[in-house]
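Architecture at a glance
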Amino acid sequence: MLAWFSVLWVATVGLVNSKELPSNYHQLRGHQVWQVSDGMDDVVQGLEAEGVVDVLDHSRSRRSLRIAPQHQEYVHNLLKDNNMDYKIHIEELLSFFQEEESAEEESRLSRRSESREQQICTADSCPQPLTDEYMTLDQMEWYLSELTDSHPDLVDVSSIGKSVEGRDIWLVHIKAGKCREEKEGKRGRRAKRMARRSMETKTLWIEGGLHAREWISPAVALRLIDNFINDCSMSETNEVYIVPMSNPDGYKYTWTTDRMWRKNRAVISNSECKGVDLNRNWDYHWGVGASKSPCSEVYQGLSAFSEPETQALRDAMKKVGDIDLVLSLHSYGQVLMYPWGWTADPAPDTEAMKKMGDIFAGGARERHGSTYEVVNSAGGFYYASGATDDWAKGKLNSKYVYTLELRDGGKHGFKLPSDQILDAGNEVWDGIKRFLNALN
Ligand SMILES: [Zn+2]
């Protein structure tokens, strides 16, 4: 991974004018990003569990760590004691975001001046998922609420439960055998019978937005909903279940208060820190490589499935039952990971998951040349349990289970420019299509 931040950093804390940045960036003042090289993962994992560093990429050989000003000296000393080298990649995170924001604004303006057709999301309506900006939670909900009106037979949108703060978690079901009928009437019904005869119905589950700051994840999930609705060759023969926003409280919080928030917003008794890592809370070998400290970004919770968000997802997945493909969307790194995450031992169907993973990656590469590396979650060096994928494999016994780290490779990280939403969505769509065609 070539520097998240290959940009030159000359700014210092004093030069930052945080007034120009929205308030959800302000508490990142003084935060730095350090990169430590390969090896000594137990040291990094220990620091992460203590809650003094935020590991920004979990799957690569090099680690980027976000460190708040009050912890920098401590981490420096500890790395030195362990003979570990590090480089400061961002001296001032606020300046980095400031640059990214201005670049984003410039690109937005130039797109407008190209008089491209502007997408519309008003205060109370959103007919399509936006591709030229990230959607607020309200906009997503408007889009979802309009889906069933515009596709009453094909699409079903239901709440599978509530978040800690009482927000609905929405599940979109695009029903097999309904697409052609909706689009082509009687003629479609005939084509539908033909198609179903030649193909076996597969069931897919796609989870987006489990980690709040990974904005590209729900954006891609919404793109996929739109794609499945409009491409009958895929939705006619597959039962598709998509939860675009699994952590609505956290997502809302990244818009209002802290752009780098990852967890849910659970209040933890006897702690000044909030939030459980929803991708460390699932009940399969729970507690490996996660943290017992509520201040850690990978806090596992008081018990497995302690959180209403993971409970809702678990119950809805169990209700669907036989799921052929489970895909959990995260960012960043462009990696497709298969279980296990909790151990280096191979999971059942490892060879099949690898083979089909390569087929996905081949499809995803075609349009824009983006590479997605297919690797084992634990990678033999970084164990973590309690994620959706291990549970789906170990308890639900789904054959094909993956965590997909979306764009990018690290240049922008979580601050992926919004003009990449469409391309990121399209390449994942191409990968899924290739995958499903090969499976059928
Ligand atoms: Zn994630």
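Residues numbered from 1 in each chain as written. Predicted model: local features only at pLDDT ≥ 70, side-chain atom pairs only at ≥ 80, totals over all residues. Heavy atoms only, no water.

**Description of the coordination of the zinc ion**
Looking at the metal site, the zinc ion is ligated by His211 (ND1), Glu214 (OE), Glu214 (OE) and His330 (ND1), spaced 2.1 to 2.3 Å from it. For the zinc ion, the four donor atoms in the first shell make angles of 57 to 146° at the metal, a pattern classed as irregular. (Donors = N, O, S within 2.8 Å, 3.2 Å for Na, K, Ca; no water. Tetrahedral: all angles 85-135°; square planar, octahedral: opposite > 155°, others 65-115°.)

**A look at the sheet that holds strand 11 (residues 373-376)**
Taken in spatial order, the eight strands make up an open sheet running 5-6-8-7-9-12-10-11, and their pairing is mixed. Strands with a single pairing partner mark the edges of an open sheet, and in this sheet they are strand 5 (155-162) and strand 11. Adjacent strand axes in the sheet meet at a mean angle of 20°, parallel and antiparallel pairs treated alike. (Pairing = 2+ DSSP bridges. Helix = DSSP H or I, 4+ residues; strand = E, 2+ residues; numbered from the N terminus. Axes fitted to C-alpha atoms, helices over the stretch in contact; angles between N-to-C directions.)

**Quick notes on the pairing of strand 6 (residues 168-174)**
With five of seven residues buried, strand 6 lies mostly within the body of the structure. In the sheet, strand 5 pairs with strand 6 via seven bridges, with the strands oriented antiparallel. Bridge assignment links aspartate 156 to a residue of strand 6, and that residue is histidine 173. Counted along the chain from strand 5 to the antiparallel partner strand 6, the turn is five residues long, and its residue glycine 166 has a positive phi close to 90°. Pairing analysis gives three bridges linking strand 6 to strand 8 (residues 238-243), with the strands arranged antiparallel. Across the sheet, isoleucine 174 pairs through a bridge with valine 240, a residue of strand 8. (Buried < 20%, exposed > 50% of the residue type's maximum accessible area, 1.4 Å probe, protein only.)

**Some remarks on unusual backbone geometry**
Residue tyrosine 332 is reached from serine 331 by a cis peptide bond, and omega for that bond is 0°. When you line up the elements, tyrosine 332 lands in the loop between strand 9 (325-331) and strand 10 (335-338). Residues arginine 407 and aspartate 408 are joined by a peptide bond in cis, for which omega reads 0°. Inspection of the secondary structure assignment puts aspartate 408 in the loop between strand 12 (400-406) and helix 12 (421-439). Located in the positive-phi region is asparagine 397, a residue other than glycine, with phi close to 60°. Relative to the helices and strands, asparagine 397 resides in the loop between helix 11 (388-394) and strand 12.

**Things to note about the sheet that holds strand 1 (residues 32-36)**
As a general point, the strands of a sheet are linked pairwise by backbone hydrogen bonds and lie either parallel or antiparallel. The strand order across the open sheet formed by four strands is 2-3-1-4, and the pairing between neighbours is antiparallel. The sheet is open, and its two borders are formed by strand 2 (54-55) and strand 4 (86-90), each paired with just one other strand. When strand 1 meets strand 3 (residues 63-67), the two strands line up antiparallel, connected through five bridges. When the sheet's bridge partners are listed, valine 36 is paired in strand 3 with arginine 63. The strands touched by helix 1 (residues 41-50) within the sheet are strand 1, strand 2 and strand 3, with strand 3 carrying the most contacts at an inclination of about 30°. Here helix 2 (residues 72-81) sits on the sheet in contact with strand 1, strand 3 and strand 4, set at roughly 10° to strand 1. (Contact = heavy atoms within 4.5 Å.)

**Considering the side chain of aspartate 231**
Within the element layout of this structure, aspartate 231 appears in the loop between helix 6 (216-230) and helix 7 (232-235). Within the local environment of aspartate 231, its side chain forms a polar contact with the side chain of serine 233, the two groups lying 2.6 Å apart. Apart from the residues within four sequence positions on either side, aspartate 231 is in contact with Cys179, Trp429 and Lys433. (Polar contact = N/O pair within 3.5 Å; in protein donor to acceptor, adjacent residues only side chain to side chain.)

**Overview of the packing of helix 4 (residues 137-150) against helix 6**
The interhelical angle for the contact between helix 4 and helix 6, taken along N-to-C directions, is 20°, at an axis separation of 12 Å. Between helix 4 and helix 6, the angle is such that the two are roughly parallel. In this structure, helix 4 crosses over helix 6, and the sense of that crossing is left-handed. Between helix 4 and helix 6, the residues in contact are Met140, Tyr143, Leu144 and Leu147 and Pro218, Leu222, Ile225, Asp226 and Ile229, respectively. Residues belonging to the contact of helix 4 with helix 6 are distributed by class as follows: eight nonpolar, no polar and one charged. (Parallel < 35°, antiparallel > 145°, perpendicular 65-115°, else oblique. Left-handed = near helix turned anticlockwise from the far one by under 90°. Nonpolar A, V, L, I, M, F, W, Y, C, P; charged D, E, K, R; others polar.)

**Quick word on the UniProt feature "active site" (unreviewed entry) in the protein**
Per the UniProt record, the feature "active site" (unreviewed entry) sits at Glu405. For glutamate 405, a relative accessible area of 10% corresponds to the buried category. (UniProt positions renumbered as here; feature names shortened; annotations may be inferred.)

**So, the state of the cysteines**
Taken as a whole, this structure holds three disulfides when the rule is applied. Each sulfur of the disulfide joining cysteine 121 and cysteine 126 lies 1.6 Å from the other. The disulfide joining cysteine 121 to cysteine 126 has a torsion of about -75° about its S-S bond and is therefore left-handed. Each bonded cysteine of the protein is numbered by sequence order, and under that numbering the disulfide pairs are 1-2, 3-4, 5-6. (Disulfide = S-S within 2.5 Å.)

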